[in-house]
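Below are the chains, spelled out letter by letter.
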Amino acid sequence: MTKAFDAIVERENKLLCNTYGRYPLAVSKAQGCHLYDLEGQEYLDLLSGIAVCSLGHSRPELADVMNEQARKLVHVSNLFYQNEQLDLAERLLDTCAADKVFFCNSGAEANEGAIKLARRYSSKVAGRDACEIVTLERSFHGRTLCTLTATGQKGLIKDGFAPLPSGFSTVPFDDVAALETAVGPQTCAIMIEMIQGEGGIRPLSEEYVRTVERLREKYGLLVIVDEVQTGMCRTGRFWAHQHYGLVPDIFTSAKALANGLPMGAVLTSDEVARGFEPGSHATTFGGGAVVSAVAAKVVDIMVQDKLADRAMEMGEFAREQALLLAEKYPEHVRGVRGMGLLLGIELACDGKEIWQRLLEERFVCNLTQGRILRLAPPLVIEADDLIKFFKALDLILAA
Ligand SMILES: Cc1ncc(COP(=O)(O)O)c(C=O)c1O
């Protein structure tokens, strides 16, 4: 480690709460698909801030929108009508079957809003005495008290935060029988990720999704899809639920929505949106003019450049490369999971050393669940860059 790096670590230890297990890399600049450290050394970014900077870093068109909007209108409060929110809402609603949006600031806040909307719609509109939210093991929904309770993981995420809110239950992943047993008249909503991100890039089966739909029909419950990581073209469709032909009652977005500016959204039907009324839910910053203008430009670029198709194409290319490594090194690589450019290379053993070697070779990806190398590169990544990454991984596995 260099002196400059040691200095930034020391400075941070003094100044910030100790909540992050940081990588041994300090980023001073990011451009396109590359990050630059304090010495200006270039790294290929195959993570894009965990599925955030899908259009690449420091994109000039987005910087122009940010600059222009910041000189016109930044914030006036949600007491006022603002066209920027509506311009974004129109674009987002064009990508899906939803009718209405609520804007907020993060994935956790979007999921918190989705849970609140589901409960309020059930009690105030549908007249159901049902508050339970059923979620899946290894899911990740955020770190507010409600969303960490909804999260189907044990460990530090929940440790020490009791009492946790009631009305949540967790079922085994993709287990149809367990879901049928757990769900009943008390169930307000089933909340799923179509592909678990933090949980190790695990897609749900078609059969499971059909069961969720059947249970919705049977009990009149709601289906919430967390698209915070999977949404915005990442998996090869604008939204991952579209791969399954599922129409969620509520779904959430964040991460890639404003390509790095903090923004979240709850999308829902006209019917379920009746669950909210003025005073029932709100946020100071949600849908601010600058982030809304940037997000509208993000959606425009994604649609114009057909980035869902590109994610699918590049994802297939990356999958083929990963499968070649699985054939070549069956003792190290078990296979590859995911869709589009949200891929998990499943290693046969603890992946820390391989991940660390990749970082030393200046390739940034991350490790989930200890042995899944997660790839979520900018959707604009070129095949040549993917080839470079897989060559480096090949050499590391050979050694
Ligand atoms: C599927 C999913 N939901 C929710 C969240 C929480 O989002 P945020 O960190 O913006 O609160 C994440 C973050 O990784 C996520 O992957």
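None of the values given here were measured: they were computed from a predicted structure. (Residues numbered from 1 in each chain as written. Predicted model: local features only at pLDDT ≥ 70, side-chain atom pairs only at ≥ 80, totals over all residues. Heavy atoms only, no water.)

**Quick look at the pairing of strand β1 (residues 27–31)**
Part 1: Inspection of the sheet shows β1 paired to strand β2 (residues 34–37) by four bridges, in the antiparallel sense. Bridge assignment links Q31 to a residue of β2, and that residue is H34.
Part 2: Remark: two residues form the turn of the hairpin made by β1 and β2, two consecutive strands paired antiparallel; G32 in that turn has positive phi of roughly 60°. (Pairing = 2+ DSSP bridges. Helix = DSSP H or I, 4+ residues; strand = E, 2+ residues; numbered from the N terminus.)

**Remarks on the packing of helix α3 (residues 60–70) against helix α10 (residues 289–304)**
Part 1: Running from N to C, α3 and α10 cross one another at 150°; their axes reach a closest spacing of 9 Å. Taken together, α3 and α10 sit at an angle that is classed as roughly antiparallel. The chirality of how α3 crosses α10 is right-handed. Listed contacts from α10 to E61, L62, V65, M66, Q69 and A70 of α3 are A289, V290, A293, V294, K297, V298 and I301.
Part 2: Residue classes in the contact of α3 with α10 are distributed as ten nonpolar, one polar and two charged. (Axes fitted to C-alpha atoms, helices over the stretch in contact; angles between N-to-C directions. Parallel < 35°, antiparallel > 145°, perpendicular 65-115°, else oblique. Left-handed = near helix turned anticlockwise from the far one by under 90°. Contact = heavy atoms within 4.5 Å. Nonpolar A, V, L, I, M, F, W, Y, C, P; charged D, E, K, R; others polar.)

**Details of the site of the ligand**
Part 1: The ligand sits among 13 residues. The nearest are G107, A108, D226, Q229 and K255.
Part 2: Take A108: an N or O atom from its main chain is 2.8 Å from an oxygen atom of the ligand.
Part 3: F140 places a polar main-chain atom, nitrogen or oxygen, 3.3 Å from a nitrogen atom of the ligand.
Part 4: Relative to its unbound accessible area of 390 Å², the ligand is 81% covered by the protein chains.
Part 5: The dominant element in the shell around the ligand, judged by the number of residues it contributes, is helix α5 (residues 107–125), at three residues.
Part 6: Residues belonging to the shell around the ligand are distributed by class as follows: three nonpolar, six polar and four charged. (Near = heavy atom within 4 Å. Polar contact = N/O pair within 3.5 Å; in protein donor to acceptor, adjacent residues only side chain to side chain. Areas by Shrake-Rupley, 256 points an atom, 1.4 Å probe, with all protein chains shown as cover.)

**Digging into the side chain of Q82**
Part 1: As for its position among the elements, Q82 is in the loop between α3 and α4 (83–93).
Part 2: A relative accessible area of 7% places Q82 in the buried class.
Part 3: At 3.3 Å, the side chain of Q82 forms a polar contact with the backbone oxygen of S77.
Part 4: Here the side chain of Q82 touches F80 through a polar contact of 3.4 Å, landing on its backbone oxygen.
Part 5: Look past the residues within four positions of Q82 in its chain and what remains in contact with it is L73, V76, S77, G287 and A289. (Buried < 20%, exposed > 50% of the residue type's maximum accessible area, 1.4 Å probe, protein only.)

**With respect to the nonpolar core**
Part 1: Counting 99 residues, the largest nonpolar core has M232, I345, L358, F389 and L393 as the members making the most contacts within it.
Part 2: The element that contributes the greatest number of residues to this core is α10, accounting for nine residues.
Part 3: The residues that make up this core include at least three from each of domain 1 (3–58 + 306–398) and domain 2 (73–304).
Part 4: Not counting chain neighbours up to four residues away, the residues in contact with I345 comprise A322, V333, G335, R371, I372, L373, L375, F389, F390 and L393.
Part 5: By size, the runner-up hydrophobic cluster in this structure holds 22 residues, among which are A114, C188, V272 and F276. (Core = buried A, V, L, I, M, F, W, Y, C linked by side-chain atoms within 4.5 Å. Domains from an automatic or database assignment.)

**Things to note about the sheet that holds strand β17 (residues 372–375)**
Part 1: As summarised here, the arrangement of the four strands in space is β13-β14-β17-β16, forming an open sheet in which the pairing is antiparallel. Only two strands of the sheet have a single neighbouring strand rather than two, namely β13 (333–339) and β16 (366–368). Here the strands of the sheet are splayed against their neighbours by 30° on average, with no regard to which way each runs.
Part 2: Note that β13 and strand β14 (residues 342–347) share six bridges and pair antiparallel. Pairing of G335 across the sheet is with E346, part of β14.

**Describing the packing of aromatic side chains**
Geometry of an aromatic ring pair is reported as the spacing of the ring centres plus the angle between the planes.
Part 1: A full pass over the atoms with the stated rule returns six aromatic pairs.
Part 2: Both rings, one in F389 and one in F390, keep their centres 5.0 Å apart while their planes meet at 80°; by these two values the pair is edge-to-face. With respect to class, F389 is no different from F390; both count as buried.
Part 3: If you follow K29 out to its NZ or CZ, it ends over the ring of Y36, 4.9 Å from the centre.
Part 4: Across the ring face of F173, the terminal group of R202 is positioned such that the distance to the ring centre comes to 4.1 Å. (Phe/Tyr/Trp six-rings, centres within 6.5 Å; stacked < 30°, edge-to-face > 60°. Lys NZ or Arg CZ within 6 Å of the ring centre and 35° of its normal.)

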